[in-house]
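# Notes for the structure review
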Amino acid sequence: MKQNVSTANRTLFMDHTVLELDHIPETIRFRETQINTMYQNIRPAIRGACPTNMILQGLPGTGKTTIVKHIFKEIKETNIHILPVLVNCQIMQTEFRVFHKIYSTLFHQEPPLHGVSIMQLIDAVATKFSRTGDVILICLDDVNFLLHENTMEKVLCTLLRLHEEYPGIKIGVIITVNTIDAPITNHLSKSVNSIFRPNLILFPPYEEEEVRAIMQDRVRVGLCPGIISPDIQDTIVEKTMKECDLRLGICLLKSSADLAESDNRTSITQTDVGASLQTVREIHLQTADKVLKEEEQQMLDMTIKLIRQNGNRMNSGELYQEMEKLVPMCYSSFRRRINKYSYLGLIKINRPNIWGNTREILLRYDTHTIKK
Ligand SMILES: Nc1ncnc2c1ncn2[C@@H]1O[C@H](COP(=O)(O)OP(=O)(O)OP(=O)(O)O)[C@@H](O)[C@H]1O
Ligand SMILES: [Mg+2]
């Protein structure tokens, strides 16, 4: 329902849902190539064959999940023999949770969370769907969260080899990865890679003009006319470009409008944007914090402290030496954890353009915005 800013019960939002992060826009801009390639890879499923597996790779906020959801929605509406399953690996971080999600999506009912084994879940799914001729299309979204304890390898190995035990089952796998460091397939064994054979689809960061256009769409549909000036939109675009994350820009827009509205004003100010930036960054950090175990969190705190003391950047060898004085650990555990922080977007690892293992480690956020 359209609202006017000047009504007694003022709201600055015309439709606040379009500023939510799970909103799937009617038009997904600047991603035609990626969408077309994905449709081509899925096409064999229309005639009951296995689709081409895919890796969607790009930094956070480059549209990977949005496009998967968009395509899955269309498949659900148009083809009853292709069964899409979206697994959010940030939430489903264990092998059991992944197969639990696959089971509950395909059977439209929850198996018990306890007292049932992974094997029983797999067997129920595979027995049924090896007979129906349907094609299961599974997206492991944010698969980086399955890198611990070799979970990604185990899950992919089971899914891709299921046809050996259950002839007739047809499965396609899409994984999304939000880092652009080493190829994710480096974490897979040769035997899994040899069946996986994914088509890599890259999601480059949006250019400034693309961010501006996407934000303008949201402003036009989400906010009442005239509440945000072109200058302030420019500021939001500038901050978005600086953090390299469209999601931050959308959150910033919503949070700034919320602030202005709660203050009973009819327009967003630069102060609203400044105050929101702090909140939006902290929310991102808190989300990442939740997926760290206690000892990982403690090491992250020490890492941040050490890097800050060293002018916000350190090379990995120096950091290890200092860290080891505080918490004795072998180099490979240290490196595993540092990689995890990087996968979560909490730190940045630069690889200087020289041979050798030296990596430069930087904080991804201004020092004052990282708490603790
Ligand atoms: N091309 C686009 N057009 C319109 N909105 C977009 C586009 N790309 C991304 N968005 C919006 O940006 C936000 C982030 O997109 P999305 O969640 O798809 O990113 P992602 O690549 O999956 O990020 P992550 O790797 O962190 O999961 C969403 O709110 C989405 O609606
Ligand atoms: Mg995503």
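On a predicted model such as this, the values are computed, not experimentally measured, just so you know.

Scoring rules and cut-offs
Residues numbered from 1 in each chain as written. Chains lettered and ligands numbered in written order. Predicted model: local features only at pLDDT ≥ 70, side-chain atom pairs only at ≥ 80, totals over all residues. Heavy atoms only, no water. UniProt positions renumbered as here; feature names shortened; annotations may be inferred. Helix = DSSP H or I, 4+ residues; strand = E, 2+ residues; numbered from the N terminus. Buried < 20%, exposed > 50% of the residue type's maximum accessible area, 1.4 Å probe, protein only. Near = heavy atom within 4 Å. Polar contact = N/O pair within 3.5 Å; in protein donor to acceptor, adjacent residues only side chain to side chain. Areas by Shrake-Rupley, 256 points an atom, 1.4 Å probe, with all protein chains shown as cover. Nonpolar A, V, L, I, M, F, W, Y, C, P; charged D, E, K, R; others polar. Pairing = 2+ DSSP bridges. Axes fitted to C-alpha atoms, helices over the stretch in contact; angles between N-to-C directions. Contact = heavy atoms within 4.5 Å.

## Concerning the UniProt feature "binding site: ATP" (unreviewed entry) in the chain
Under the UniProt annotation, the feature "binding site: ATP" (unreviewed entry) is placed at T62, G63, K64, T65, T66, Y206 and R218. Mapping G63 onto the fold places it in the loop between β1 (54–57) and α2 (64–78). Of note, K64 is situated in helix α2. For K64, a relative accessible area of 6% translates into the label buried.

## Comments concerning the site of ligand 1
Every one of the 22 residues lining ligand 1 counts as a neighbour, but R29, K64, T65, T66 and Y206 are closest to it. Backbone polar atom of G63 to an oxygen atom of ligand 1: 3.0 Å apart, as the coordinates give it. In the environment of ligand 1, an oxygen atom lies 2.8 Å from a nitrogen or oxygen atom belonging to the side chain of R247. In isolation ligand 1 has 640 Å² of accessible area, and contact with the protein removes 95% of it. Elements with a minimum of two residues in the shell around ligand 1: α2, α7 (208–222) and α9 (246–262). Grouping the constituent residues of the shell around ligand 1 by class yields nine nonpolar, seven polar and six charged.

## Considerations on the sheet that holds strand β7 (residues 347–350)
The strand order β6-β8-β7 describes an open sheet built from three strands, whose pairing is antiparallel. The open sheet is flanked by β6 (313–315) and β7, the only strands paired with a single partner. Neighbour-to-neighbour, the strand axes of this sheet turn through a mean angle of 25°, independent of strand direction. Pairing analysis gives four bridges linking β7 to strand β8 (residues 360–363), with the strands arranged antiparallel. Considered in β8, the bridge of N350 is made with E360. Of the strands in this sheet, β6 and β8 touch helix α11 (residues 294–309), which is tilted by about 100° from β8. Helix α12 (residues 316–326) rests against β6 and β8 of the sheet, and its axis sits at about 90° to β6.

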